Amino acid sequence: MGDVYADPDVISRLLSESRTWAFVGLGDNPAREVFNQARLLQRRGKRIIPVHPSGNAVLGEQGYASLADVPDASEVDVVGVYRRAEHAGAVVDEAIAAGAKAVWMPLDVIDEAAARRAKDAGLDVVMDRCPAVEWSRRH
């Protein structure tokens, strides 16, 4: 894989210019890493959209059961794929279908075929990188 899906310019742009992040896998459990990442980006001015089968509100934001349920999903700048790697491809396909602009797969979520599909569909792709670590490197 190398760093083909860790382009510093793409990472910087997504962290600085994005406004809306949909976090797939974000439930109301503060012990989960996705909760911490969503809270961090929310505190840094990003709008977060929880996407979890429960559809519960999280961190004060309305939740949705799937990306397809998010109104105006094409307004989503980044889809954070906080599912195990074996489920990442389906989430990436949903992000493509929803019209999202980018997908971000965190540490240890690696699916090169899904990343290629997203890139071929015109989405920016970051894979196997932590938003919090990348944020601290740039700010």
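Quick caveat: nothing in here was measured; it's all calculated off a predicted structure.

### Some words on the packing of aromatic side chains
- The final tally for this structure, using the stated rule, is three aromatic pairs.
- Seen from their ring centres, Trp 21 and Phe 23 are 5.8 Å apart, and the 20° between their planes marks the pair as stacked.
- Pairing Trp 21 with Trp 104 gives two aromatic rings, centres 5.5 Å apart and planes at 45°, and the pair type is tilted. You can see Trp 21 sitting in strand S1 (residues 20-24) and its partner Trp 104 sitting in strand S4 (residues 102-105), a full 83 residues away along the chain. Across the pair, exposure class does not vary: Trp 21 and Trp 104 are buried alike.

### Some points on the sheet that holds S4
- What the five strands build is an open sheet, ordered S2-S1-S3-S4-S5; its pairing is parallel. Edge strands, defined here as strands with exactly one partner in the open sheet, are strand S2 (47-51) and strand S5 (124-127). When strand polarity is set aside, the average angle formed by the axes of neighbouring strands in this sheet is 20°.
- Along the sheet, helix H1 (residues 8-17) makes contact with S1, strand S3 (78-81), S4 and S5, crossing S5 at roughly 105°.
- Along the sheet, helix H2 (residues 33-43) contacts S1 and S2; its crossing angle with S1, the most-contacted strand, is approximately 170°.

### A short note on the packing of H2 against helix H5 (residues 131-138)
- The N-to-C vectors of H2 and H5 enclose an angle of 35°; their axes lie 9 Å apart at closest approach. Across the interface between the two elements, Gln 37, Leu 40 and Leu 41 of H2 pack against Pro 131, Ala 132 and Trp 135 of H5.
- When the residues that make up the contact of H2 with H5 are grouped by side-chain class, the tally is five nonpolar, one polar and no charged.

### As for the side chain of Glu 134
- Looking at the element boundaries, Glu 134 is found in helix H5.
- A distance of 3.1 Å separates the side chain of Glu 134 from the side chain of Arg 137, its partner in a polar contact.
- Contact partners of Glu 134, with chain neighbours within four places excluded, come to Ile 11, Leu 15, Trp 104 and Arg 129.

### A word on the environment of Ala 118
- The residue Ala 118 is located in helix H4 (residues 112-120) in this model.
- Separated by 23 residues in sequence, Ala 118 and Ala 95 have C-alpha atoms that sit 8.3 Å apart.

### A word on the pairing of S3
- Covered by surrounding structure in S3 are Val 78 and Gly 80 together with Val 79 and Val 81, the residues of both alternating faces.
- Strand direction decides the pairing type here: S1 and S3, joined by four bridges, are parallel. Along S3, the bridge assignment pairs Ala 22 with Val 79.
- The pairing of S3 with S4 spans two bridges and is classified as parallel.

### Concerning the nonpolar core
- By size, the foremost hydrophobic cluster in this structure holds 26 residues, and its most contacted members are Val 79, Val 81, Val 103 and Met 105.
- Element by element, the count of residues in this core is highest for helix H3 (residues 85-98), at four residues.
- Those residues in contact with Met 105 that sit more than four places away from it in its chain are Val 81, Ala 88, Val 92, Asp 111, Ala 115, Val 125, Val 126, Met 127, Asp 128 and Arg 129.
- In this structure, Ala 6, Val 10, Ile 11 and Leu 15 belong to the second largest nonpolar core, which totals 21 residues.

Conventions we followed
Residues numbered from 1 in each chain as written. Predicted model: local features only at pLDDT ≥ 70, side-chain atom pairs only at ≥ 80, totals over all residues. Heavy atoms only, no water. Phe/Tyr/Trp six-rings, centres within 6.5 Å; stacked < 30°, edge-to-face > 60°. Helix = DSSP H or I, 4+ residues; strand = E, 2+ residues; numbered from the N terminus. Buried < 20%, exposed > 50% of the residue type's maximum accessible area, 1.4 Å probe, protein only. Pairing = 2+ DSSP bridges. Axes fitted to C-alpha atoms, helices over the stretch in contact; angles between N-to-C directions. Contact = heavy atoms within 4.5 Å. Nonpolar A, V, L, I, M, F, W, Y, C, P; charged D, E, K, R; others polar. Polar contact = N/O pair within 3.5 Å; in protein donor to acceptor, adjacent residues only side chain to side chain. Core = buried A, V, L, I, M, F, W, Y, C linked by side-chain atoms within 4.5 Å.

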